[in-house]
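Observations on the model geometry
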Amino acid sequence: MGEGGRRVIREYVSVPPDRIGVVIGDRGTIKSRIEESTGVALTVDSSSSSVMLEIDPDKTPYENMMKAKNIITAIGYGFSPEKAFKLLEDDVILDVIDLTIYVGTSKNHLTRIKGRIIGENGKTRKIIEEYTGTFVSVYSNYVAIIGTYENVSVARRAVEMLASGKPHNAVYSFLDREKRRLKKLEFELWEKRKF
């Protein structure tokens, strides 16, 4: 129960200290935009680097709480607010891969694996994004992906292949095949909807 006996649902999200300012935005613009677009009240605690989310379940659907939480989480994983706001769309999800699962916690291994995923001048990451229509962020020991479920699962597989040491050419071939498959799938769905 909140003040005055009203029901409230509260959740907390931890945000890396170097990203908390991005969640707030210039003069609180990003925080306000999250609140306005979801109906979720946010309280940012810079000292503990966390955000408290609150909704009145009688006025705001819980699904909006999850959207606000995903936007904040995505910003925490290094996405720009503009890309994170894509998560307001119903068919867009956030997926996070922990690279330590593949290479342990050794700084050298993590640096090497992140280098493989990003590629020279960001080339590999750009190819993954272009072929799958997703956004990819490599932050700390994680790779975060924003996109539709089908596209995110393809991008995730490409990242996992790179993290497992597969050659870049094999990953690019996989992406090429999947892009064609997704295009065909999209066309078939479009054809069905036409009639």
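Quick summary incoming for the structure in this document. (Residues numbered from 1 in each chain as written. Predicted model: local features only at pLDDT ≥ 70, side-chain atom pairs only at ≥ 80, totals over all residues. Heavy atoms only, no water.)

**Notes on the side chain of Ser49**
Among the secondary structure elements, Ser49 is positioned in the loop between β2 (41-45) and β3 (50-55). Polar side-chain contacts of Ser49 include one of 2.3 Å to the backbone oxygen of Val15. Beyond its immediate stretch of four places on either side in the chain, Ser49 contacts Val13, Ser14, Val15, Pro16, Pro17 and Ile20. (Helix = DSSP H or I, 4+ residues; strand = E, 2+ residues; numbered from the N terminus. Polar contact = N/O pair within 3.5 Å; in protein donor to acceptor, adjacent residues only side chain to side chain. Contact = heavy atoms within 4.5 Å.)

**Observations regarding the packing of helix α2 (residues 29-38) against helix α3 (residues 62-76)**
Between α2 and α3, the shortest axis-to-axis distance is 9 Å and the interhelical angle comes to 155 degrees. If you check the angle between α2 and α3, you find them roughly antiparallel. The chirality of how α2 crosses α3 is right-handed. Here α2 contributes Ile30, Ile34 and Thr38 to the contact with α3, which in turn contributes Asn64, Lys67, Ala68, Ile71, Ile72 and Ile75. By residue class, the composition of the contact of α2 with α3 is 6 nonpolar, 2 polar and 1 charged. (Axes fitted to C-alpha atoms, helices over the stretch in contact; angles between N-to-C directions. Parallel < 35°, antiparallel > 145°, perpendicular 65-115°, else oblique. Left-handed = near helix turned anticlockwise from the far one by under 90°. Nonpolar A, V, L, I, M, F, W, Y, C, P; charged D, E, K, R; others polar.)

**Some thoughts on unusual backbone geometry**
At Arg27, a position not held by glycine, the phi torsion is positive, near 55 degrees. In this structure, Arg27 sits in the loop between α1 (20-24) and α2. Positive phi outside glycine occurs at Ser140, with the angle close to 55 degrees. By secondary structure assignment, the location of Ser140 is in the loop between β5 (135-139) and β6 (142-148). Overall, Ser140 belongs to the partly exposed group, its relative accessible area being 38%. (Buried < 20%, exposed > 50% of the residue type's maximum accessible area, 1.4 Å probe, protein only.)

**Points about the nonpolar core**
Ranked by internal contacts, the top residues of the largest apolar core, which has 26 residues, are Ile34, Val51, Leu53 and Ile72. Secondary structure elements with two or more residues in this core: α1, α2, β3, α3, β4 (92-98) and β6. The biggest single contributor to this core is α3, with 6 residues. The residues touching Val51, leaving out its near neighbours within four places in the chain, are Glu11, Tyr12, Val13, Val15, Ile20, Val23, Leu42, Thr43, Val44 and Ile72. Val103, Val143, Val154 and Ala155 belong to the second-largest nonpolar core, a separate cluster that totals 25 residues. (Core = buried A, V, L, I, M, F, W, Y, C linked by side-chain atoms within 4.5 Å.)

**A closer look at the sheet that holds β4**
Sheet strands associate in pairs through backbone hydrogen bonding, adopting either a parallel or an antiparallel arrangement. The strand order β4-β6-β5 describes an open sheet built from 3 strands, whose pairing is antiparallel. Each of the sheet's edge strands pairs with one partner strand only, and the pair in question is β4 and β5. Averaged over all pairs of adjacent strands, the angle between their axes in this sheet comes to 15 degrees, without regard to strand direction. (Pairing = 2+ DSSP bridges.)

**Structural notes on the sheet that holds strand β1 (residues 9-14)**
Strand order in the open sheet formed by 3 strands is β1-β3-β2, with antiparallel pairing between adjacent strands. In this open sheet, the two strands that pair with only one neighbour each are β1 and β2. With strand direction ignored, the average angle separating the axes of adjacent strands in the sheet is 20 degrees. Sheet topology note: the β1/β3 ladder contains 6 bridges and is antiparallel. Looking at β3, one finds that Glu11 is bridged to Leu53. The sheet strands contacting α3 are β1, β2 and β3, and the helix crosses β1 at an angle near 15 degrees.

**A closer look at the pattern of salt bridges**
For the structure on display, the rule yields 17 salt bridges. Residue Asp26 pairs with Arg27 through a salt bridge whose shortest N-O separation is 3.6 Å. In this structure, Asp26 and Arg27 share a single accessibility class: exposed. A salt bridge links Asp95 to Arg156; its shortest N-O distance comes to 2.9 Å. A residue pair is termed long-range when its members are at least 10 positions apart, and Asp95 in strand β4 and Arg156 in helix α8 (residues 149-163) qualify at 61 residues. The exposure class assigned to Asp95 is buried, which follows from its relative accessible area of 18%. (Salt bridge = Lys/Arg side-chain N within 4 Å of Asp/Glu carboxyl O.)

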